[in-house]
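# Report on the structure
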Amino acid sequence: MAATRAGARACEIFTTLEYGPVPESHACALAWLDTQDRHLGHYVNGQWLKPEHRSSVPCQDPITGENLASCLQAQTEDVAGAVEAARTSLENWSTQPGAFRAQHLTRLAKMIQKHQRLLWTLESLVTGRAIREVRDRDVPLAQQLLQHHAVQAHTQEEALAGWEPLGVIGLILPPTFCFLEMMQRICPALAVGCTVVVLVPPASPTPLLVAQLAGELGQFPGILNVISGPASLGPVLASQPGVQKVAFCGTIEDGRALRRALAGQGPELGLALGAESLLLLMETADVDSAVEGVVDAAWSDRSPGGLRLLIQESVWDETMRRLQARMGRLRGGRGLDGAVDMGARGAAARDLAQRYVREAQSQGAQVFQAGSMPPDSPFFPPSLVSDLPPASPCTQAEVPWPLVVASPFRTAKEALAMANWTPRGGSASVWSERLGQALELAYGLQMGTVWINAHGLRDPAVPTGGCKESGSSWHGGPDGLYEYLRPSGTPTQLPYLSENLNYDTFGLAVPSTLPAGPETGLSWVGQSPGARAALLWALAAALQRRESTLVSRLERHGVELKVAKAEVELSVRRLRAWGARVQAQGCTLQVAELKGPVLRLQEPLGVLAIVCPEEWPLLAFVSLLAPALAHGNTVVLVPSGACPIPALEVCQDMATLLPGGLVNVVTGDRDHLTRCLALHQDIQALWYFGSAQGSQFVEWASAGNLKPVWVNRGCPRAWDQDAEGAGPELGLRAARTKALWLPMGD
Amino acid sequence: MSAHQRGMELDLSWISKIQVNQPAVLRRAEQIQARRPVKKEWQAAWLLKAVTFIDLTTLSGDDTSSNIQRLCYKAKYPIREDLLKALNMHDKGITTAAICVYPARVCDAVKALKAAGCDIPVASVATGFPAGQTHLKTRLEEIRLAVEDGASEIDVVINRTLVLTGQWEALYDEIRQFRKACGEAHLKTILATGELGSLTNVYKASMIAMMAGSDFIKTSTGKETVNATFPVAIVMLRAIRDFFWKTGNKIGFKPAGGIRSAKDSLAWLSLIKEELGDEWLKPELFRIGASTLLADIERQIYHHVTGRYAAYHDLPMS
């Protein structure tokens, strides 16, 4: 009987050649949940914590709605306990030799390999994402991350001499992609000797499982602690004593709010925000391959967000036809099915996509969807939105998953303008078969990652991050390591919060002239590093010629003759040193699975505003100016308020040597200038060396355009010491990394 | 089979702007193999379908009438009768799509098939197979003789020299003459993609072959060092789709060489399904050139039906 039924079925399939279901059993995931009695707590210091009297949230299968487990929600004291555990284990972990930490990470990689099936079925089950993507990309990438960072730990004493681990790191994760986002950040943090407390959103069991696997290694149970709780616990986690850095991944608005909340709290804040990506399709591209790039970017459960698609007008019709034909072949369904391209992402993601589509339609956009879904279905079809001009309100918002918003452009120049006409700067791909054009666009895009003729490639050795409102924190590559390091000897960061600082009135009291909008020194950016070095050396020579004037100016300010001479001499040396360092910029990275190079570019930030300290009126001014110029930035400087004259003397030389508009020195009330600069939306970064209150204000105000800021929290800095006055830290802060992927082959 | 396509005037603008990005095509090829697994009954049904696409091939120097005869009977009875019965597929007339032999063996094949009471077509390779390095006159004569002997499909090889030196008009003219020499027989054009140098050339040669009137474009002779690969197939399938979008004519596709396992054949079917769609999944538009593939498919079917793996002697020899 059964045989004939199977036979009849085979007959039918023989005619239709349909795809069948390829279900992946999730029994092991359920069995693991059973070991916790379907009741998940927090994993702290190598054990499960399930405190009494806490509310809990159900963890549901996003497709069937079935209740899989209940997850406890942390409260303040649970967070404090987790941070305490991380702090206790920090002493032991950070003092181990790097080679020892490397072994521990390798053992964790093996542990993950041993339980990989459990990991990928659990992740796919609870997130609804296609299992193929979790199994074939996320879990192998997690192992590669551990192995890569184990190697980094092994060579840490040599390669990262002069740097020390920050301490306890607080990591705040978004609901989607929390497994991978977590691995990308805990690996470098643990490798360099930090310990981590991870706050995962309610009902995200995979990070808890990873923590359990790490705990089962026995040694160092407290280095990775995972607590589950609402996002409102973020500031609580940040304000725990000992937390030195908070890494946040999530939406831009949440990041902004956290930036404001953490002003003056002490820990550094690394933001990785937004999820939208961009694809530039030129008429010289292999259009069919570019269409596959769109699928990779938006419709294959590979990335969390949607896609802005810019298509050259001459290939618009052809591309749209191919896209629509391709969309017809996408398969949606339960993530645990091995032959599915797109799973579901839960009701919130679906509703967000639905709202965007409705709004776009009401603004006159065309929406093409492959297949229709009943309104109560957990799935959302792949959608292609077009005819939505930049001025329509809808285009201001991020494109949500699984949407692609296509717009035409006419020329490469216009493509670049449209691509950069957004407050966000995450990742982008350029599709063109003309090498010169592709490189021109790739260098011109204000993005953290650019792929040429590919989309969504990843590797632990390549820094991944963003700029502008996408946040300026990094994972992977050398940049990922520096996120969790500080120059040796930097004091621990303590809260310097001033409760009575009024953000609305800070710097408003004294009216003075507004600094004019700086002209961007485009000619400077285009200069070769050699030319920049030559100019810095010329400036050094000019300074030397002016030595006697400068010394007498400093003396008049009350500096001893000997000290004044030394200050001028050291200033000259600093200019020369940065001139020499400017030569070594950018490098090629080795990537295991890519044929072709990945370039790690060090690009200028744009307009960098610097509020110089009151002390060392000449030396601090030059020490800050030199790295900023060496990396190609346009600079706005506020010199020492007590003694601005030496700086203004230098200005005279700069006026004759440097292109106009490149360096702008403004004097006046420092608080007022700080306020203007910190709130300025078109200044890309700000360094502040002044009062604690000023630092706090700068941190708070930077939430506007999420510019990276560097503040001294009111602490003086030893500008005459090379470590603090000319250390590599300044160079890292004066430039922005871009990873440029160049796959090759013919 | 239906009437073959007549081709069209040469239009070089169809190939002048084409760009193929090799690394991107390679990535797509990797993805396609991992994204559409086919299991259980679906696998069995798909494998049986794959049998109906096979051009069962022998192209060896030591072919004689006896092994040609064995091959023809295997083409008629590709899967053991009791296995088909177990799947309720015994009355579906499952045979391979064709027999493919050298021109000198066409007579043997036609005779053997007639004796077996089987009307599947005989395909003959021609035009100086596999290198194509003979005079045009003899190449054309070879086609005519094979057709006279009863071959109803001709697998011609193109002149790689013309592709590598960019003589697209000359290539078009040659294939045009092959087309004419074939008469009513179907023309399958072998591009020998392993020797064309780049994927862009593969696309251009595909387009020229279709414009010149080929009914099928075929990847390789099986005698080059690089055989039918997924990246090459993706480029050829995209060319077929472009040609269909431009002219409304559906051209067939035949990968050949190196396809040995049942698992491979499933991947090929899903590749066609993904890139061109279900309408291409019929013997008129899709063939697989293979000699040992059939044995592995039969073994897999045996396993599906019985739950055991077959010894080679459990299944009839070809």
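Keep in mind that this is a model prediction, so the values were computed, not measured.

All names here are of chain B. Their axes nearest at 9 Å, the elements helix α7 (residues 136-148) and helix α9 (residues 168-182) cross at an angle of 25 degrees. When the axis of α7 is compared with that of α9, the two are roughly parallel. For α7 against α9, the interelement crossing comes out right-handed. For the pair formed by α7 and α9, the contact residues are L136, R139, L140, I143, R144 and V147 on the first element and E174, Q177, F178, A181 and C182 on the second. Among the residues forming the contact of α7 with α9, the class breakdown is seven nonpolar, one polar and three charged.

In this section: the sheet that holds strand β5 (residues 67-72) of chain A. Residue and element names in this part refer to chain A. Strand order across the open sheet formed by three strands is β1-β5-β4, with mixed pairing between neighbours. Bordering the open sheet on either side are β1 (39-40) and β4 (56-60), each of which pairs with just one other strand. Relative to β5, β1 is paired through two bridges, and the arrangement is parallel. Looking across to β5, one finds that L40 is bridged to C71.

Residue and element names in this part refer to chain A. In this fold, E398 is placed in the loop between β15 (383-386) and β16 (403-409). Distance from E398 to S427, taken between C-alpha atoms, is 13 Å for residues 29 residues apart in sequence. In contact with E398, not counting residues within four places along its chain, are I252, G274, A275, E276, Y356 and R424. A distance of 2.8 Å separates the side chain of E398 from the backbone nitrogen of A275, its partner in a polar contact.

A common measure of how large an interface is: the accessible area buried when the components associate. All names here are of chain A. When cut into domains, chain A gives domain 1 (26-273), domain 2 (277-457) and domain 3 (528-741). With centres defined by C-alpha atoms, the gap from domain 2 to domain 3 works out at 39 Å. Contact with domain 2, which involves 13 residues of that partner, is made by ten residues of domain 3. Summing the contributions of domain 2 and of domain 3, the shared interface buries around 840 Å²; its carbon and sulfur component is 57%. When the area that domain 2 buries against domain 3 is broken down by residue, the three leading residues are Y443, V450 and L457, summing to 50%. Run the count over domain 2 and domain 3 and you get zero salt bridges. Summed over the shared surface of domain 2 and domain 3, the result is seven residue pairs in polar contact (both at pLDDT 80 or more). For the side of domain 2 that touches domain 3, the elements supplying multiple residues, two or more each, are α16 (435-444) and β19 (449-452). A breakdown of the residues in the side of domain 2 that touches domain 3 according to their chemical character gives nine nonpolar, four polar and no charged.

On to the interface of chain A and chain B, then. In this complex, chain A contributes 47 residues to the contact, which on the side of chain B involves 42 residues. Here chain A meets chain B over a buried area of about 4000 Å², counting both sides, of which 54% is carbon and sulfur. The three residues of chain A that bury the most area against chain B are A:F14, A:L17 and A:Y19, which together make up 21% of that side's buried surface. Here chain A is connected to chain B by five salt bridges. Between B:R36 and A:D341 there is a salt bridge, with the nearest N and O atoms lying 2.5 Å from each other. For the pair chain A and chain B, the interface holds 19 residue pairs in polar contact (both at pLDDT 80 or more). Counting residues per element, the ones that place at least two in the side of chain A that touches chain B are α1 (2-16), α6 (131-154), α12 (287-298) and α13 (316-327) of chain A. The greatest single-element share of the side of chain A that touches chain B, amounting to ten residues, is contributed by α1(A). Residues belonging to the side of chain A that touches chain B are distributed by class as follows: 20 nonpolar, nine polar and 18 charged.

The full count for this structure, using the stated rule, is 61 salt bridges over all chains. For A:R326, the salt bridge goes to A:E292, with nearest N and O atoms at 2.8 Å. Highlighted residues: A:R326 in helix α13 and A:E292 in helix α12, separated in sequence by 34 residues. Each member of the pair, A:R326 as well as A:E292, carries the same accessibility label: buried. The residue B:R287 makes a salt bridge to B:D55 at a minimum N-O spacing of 2.8 Å. Residue B:R287 is located in the loop between α12 (262-275) and β8 (288-290), and its partner B:D55 is located in strand β1 (residues 54-57); the two are separated by 232 residues in the primary sequence. Given the relative accessible area of 0%, B:D55 is considered buried.

Residue and element names in this part refer to chain A. As for its position among the elements, R600 is in strand β25 (residues 598-604). Given a relative accessible area of 10%, R600 falls into the buried group. Sequence spacing of R600 and P478 is 122 residues, and the spatial spacing of their C-alpha atoms is 9.7 Å. Among the polar contacts listed, one links the side chain of R600 to the side chain of D479, at a separation of 2.7 Å.

Turning our attention to the UniProt feature "active site" (unreviewed entry) in chain B. Residue and element names in this part refer to chain B. On the UniProt side, "active site" (unreviewed entry) is annotated at positions that read K218 and K254 here. Judged by maximum C-alpha separation, these annotated positions cover 37 residues in sequence but sit close together in space, the widest gap being only 4.5 Å. Note that K218 resides in strand β6 (residues 216-218). Setting aside residues no more than four positions away along its own chain, K218 makes contact with D155, T189, I190, L191, M236, K254 and A256. In terms of polar contacts, K218 uses its side chain to reach the side chain of D155, at 2.8 Å. With respect to the helices and strands, K254 occurs in strand β7 (residues 252-254). Setting aside residues up to four positions removed in sequence, K254 forms contacts with D55, C100, D155, K188, F216, I217, K218, T219, R287 and G289. Within the structure, the side chain of K254 is placed 2.9 Å from the side chain of D155, a separation counted as a polar contact.

This part is about empty space enclosed by the protein. Residue and element names in this part refer to chain A. The full count for this structure, using the stated rule, is five cavities of 30 Å³ or more. Contributing to the lining of the largest cavity are L141, L145, Q184, R458, D459, P460, V462, T464, H475 and G476. Mapped by element, the contributors of at least two residues to the lining of the second largest cavity are β12 (277-281) and β17 (424-425). Residue composition of the lining of the second largest cavity, grouped by class: two nonpolar, six polar and three charged.

Let's shift gears to helix α10 (residues 199-211) of chain B. For the α-helix, the turn length of 3.6 residues means that residues three or four positions removed from each other point alike. Residue and element names in this part refer to chain B. With 13 residues, α10 extends 18 Å from end C-alpha to end C-alpha; this agrees with the ideal 18 Å at 1.5 Å per step. For α10, a buried count of 13 out of 13 residues is recorded, marking the element as mostly surrounded by other parts of the structure. G213 lies just past α10 and shows a positive phi near 105 degrees.

Attention shifts here to unusual backbone geometry. Omega for the peptide link from A:W401 to A:P402 comes to -10 degrees, which places this bond in the cis form. In this fold, A:P402 is placed in the loop between β15 and β16. Note the cis peptide between B:F129 and B:P130, where omega equals 0 degrees. Relative to the helices and strands, B:P130 is located in the loop between β3 (122-126) and α7. The phi dihedral of A:R38 is positive, around 55 degrees, even though this residue is not glycine. Its location among the elements puts A:R38 in the loop between α2 (27-35) and β1.

All right, on to the packing of helix α4 (residues 65-76) of chain B against helix α6 (residues 106-115) of chain B then. Packed helix pairs are specified by the crossing angle of their axes together with the interaxial distance, meaning the distance between the axes. Residue and element names in this part refer to chain B. Across the interface, α4 lies against α6 with an axial gap of 9 Å and an inter-helix angle of 45 degrees. By the angle between their axes, α4 is oblique relative to α6. For the pair α4 and α6, the crossing hand works out as right-handed. Every residue of α6 that contacts α4 at S65, I68, Q69, C72 and Y73 is listed here: D108, A109, A112, L113 and A115. Class assignment for the residues of the contact of α4 with α6 results in seven nonpolar, two polar and one charged.

All names here are of chain A. Pairing between β4 and β5: five bridges, direction antiparallel. Considered in β5, the bridge of V57 is made with C71. As consecutive antiparallel partners, β4 and β5 are separated by six residues, and within that stretch G65 has a phi angle of approximately 80 degrees, a positive value.

About the criteria used
Residues numbered from 1 in each chain as written. Chains lettered and ligands numbered in written order. Predicted model: local features only at pLDDT ≥ 70, side-chain atom pairs only at ≥ 80, totals over all residues. Heavy atoms only, no water. Axes fitted to C-alpha atoms, helices over the stretch in contact; angles between N-to-C directions. Helix = DSSP H or I, 4+ residues; strand = E, 2+ residues; numbered from the N terminus. Parallel < 35°, antiparallel > 145°, perpendicular 65-115°, else oblique. Left-handed = near helix turned anticlockwise from the far one by under 90°. Contact = heavy atoms within 4.5 Å. Nonpolar A, V, L, I, M, F, W, Y, C, P; charged D, E, K, R; others polar. Pairing = 2+ DSSP bridges. Polar contact = N/O pair within 3.5 Å; in protein donor to acceptor, adjacent residues only side chain to side chain. Domains from an automatic or database assignment. Buried area = accessible area lost by both parts, 1.4 Å probe. Salt bridge = Lys/Arg side-chain N within 4 Å of Asp/Glu carboxyl O. Buried < 20%, exposed > 50% of the residue type's maximum accessible area, 1.4 Å probe, protein only. UniProt positions renumbered as here; feature names shortened; annotations may be inferred. 1 Å grid on protein atoms, 1.4 Å probe; cavity = no way out; pocket = protein on both sides within 12 Å on 5 of 7 lines; lining within 4 Å. Points joined across faces, edges and corners; volume = space filled by probe spheres on them. Expected span 1.5 Å × (residues − 1).

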